[in-house]
Amino acid sequence: MKISVKDAETGNRISMEVDDDNTIEEIIEEAANYWRKNPGAYVIRFGKKILQAENTVKEARLQEEDVIELIPDPEGGKCFQKICL
Amino acid sequence: MAIRVGENDMDIYSRMKLYDWYDIKKVKNKKILVAGAGALGNEVSKNLILSGYENITIVDMDYIVHSNLSRCIFFKRKDANLHRKKAEVIAERLVEINPDAKIRYYVDKIESLDVKNYDIVLGCLDNIASRLYLNSNCYFYHIPYIDGATHGLIGKVQVVIPPETSCLQCGMNATHSKFLEKRFSCTGKNVKYFEPNMPSDINTTSIIAAIQVQEALKITHGMKNYIKNIFYYDGNRNFFSILQLPINPKCPNHNK
């Protein structure tokens, strides 16, 4: 089935073909790679819910034409961040 | 009994006491741990002391540099010149605001502290590894954990009330793990650092810190209307939302 994934940071949207047994984790990785997102943590929001990564499309109850959103999961908070590459 | 004109203005918390739910004794007696003394840690500490908390411990191992000064209310140029420790300086400035407060500080890694000595823990950190450490320890000891985080104009507050709510680990996925691995590799040689393109922003930081302390006040008073589970703020798109994060049955913190 086809769903839409929206990039919360840019507003861009892609159409994604998914199977019932695809996981949310796979969708996150696919979308993040497609948009070449900066290194960082992301989660999928569906309405008012954060979808759990291990859940499948079926378990998350996604349906044809649903729109889900890739949102950054902030991890900062200090003012002098050092991140190792 | 006679009252004196202006007497009410002599009480620092007279206005707070006008809230029918506010109990200054409860607030004063709560043992609060602030983990991280950066941008969020400054704002959270400021709001805690102004809200009446007097038993506050701050832990951070960093020292102050000039680039901190645009985002940290308690840090001054002379502190940066002397490379003073962040936790020590915040502790000192909090006592200036309330000399009755018992403020402790540790210049150390968060992992060196025993969280079971505290009633509420506020996470003001900049990395996933320390967050997960606090999260799992707080969950184990059933201590409320209020995690704040920012990313440019985006921020979130997650309220973890063990065993009732989901925890930080419940929302993790492979993108978090990749980030985590990168930090762990810091122990090796040939390490590269870079300043991320999304530094913390004082306005977003203030919003997130204020929500963290507001949630601490609710928990202190036993209120049940705390955020379930994540307050998500997006300053780029001018909205905030309360997002639910169900308990993940496979989460190690919930499987014990």
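Residues numbered from 1 in each chain as written. Chains lettered and ligands numbered in written order. Predicted model: local features only at pLDDT ≥ 70, side-chain atom pairs only at ≥ 80, totals over all residues. Heavy atoms only, no water.

### Here we look at the environment of B:Asn225
- Summarising the element assignment, B:Asn225 is placed in the loop between α7 (202-220) and β8 (230-234).
- C-alpha separation for the pair B:Asn225 and B:Glu215, spaced 10 residues apart in sequence, amounts to 8.9 Å. (Helix = DSSP H or I, 4+ residues; strand = E, 2+ residues; numbered from the N terminus.)

### What about the packing of helix α2 (residues 39-51) of chain B against helix α4 (residues 86-97) of chain B?
Residue and element names in this part refer to chain B.
- Axis separation between α2 and α4 bottoms out at 10 Å; the angle between their running directions is 25°. One finds that α2 runs roughly parallel with respect to α4. The element α2 and its partner α4 pack so that their crossing is right-handed. Residues Gly41, Asn42, Ser45, Lys46, Ile49 and Leu50 of α2 pack against Ile90, Leu94 and Ile97 of α4.
- Split into classes, the residues belonging to the contact of α2 with α4 amount to 5 nonpolar, 3 polar and 1 charged. (Axes fitted to C-alpha atoms, helices over the stretch in contact; angles between N-to-C directions. Parallel < 35°, antiparallel > 145°, perpendicular 65-115°, else oblique. Left-handed = near helix turned anticlockwise from the far one by under 90°. Contact = heavy atoms within 4.5 Å. Nonpolar A, V, L, I, M, F, W, Y, C, P; charged D, E, K, R; others polar.)

### Structural notes on helix α5 (residues 128-141) of chain B
Residue and element names in this part refer to chain B.
- In this model, α5 (14 residues) spans 20 Å end to end at C-alpha, consistent with the 20 Å of a helix rising 1.5 Å per residue.
- Within the span of α5, buried status applies to Ile128, Ala129, Ser130, Arg131, Leu132, Leu134, Asn135, Asn137, Cys138 and Tyr139.
- Two or three places before Ala129, at the start of α5, stands the capping residue Asn127, its side-chain oxygen 3.3 Å from that residue's backbone nitrogen.
- In the segment just after α5, His142 is the residue with positive phi, at about 60°. (Expected span 1.5 Å × (residues − 1). Buried < 20%, exposed > 50% of the residue type's maximum accessible area, 1.4 Å probe, protein only. Polar contact = N/O pair within 3.5 Å; in protein donor to acceptor, adjacent residues only side chain to side chain.)

### Brief notes about the packing of α2(B) against α7(B)
Residues and elements named next belong to chain B.
- Their axes nearest at 8 Å, the elements α2 and α7 cross at an angle of 45°. With respect to α7, the element α2 is oriented oblique. Where α2 crosses over α7, the handedness of that crossing is right-handed. On the side of α2, the interface is formed by Ala39, Leu40, Glu43, Val44, Asn47, Leu48 and Ser51, while α7 contributes Ile202, Thr205, Ser206, Ile208, Ala209, Ala210, Gln212, Val213 and Leu217.
- Here the contact of α2 with α7 is built from residues that sort into 10 nonpolar, 5 polar and 1 charged.

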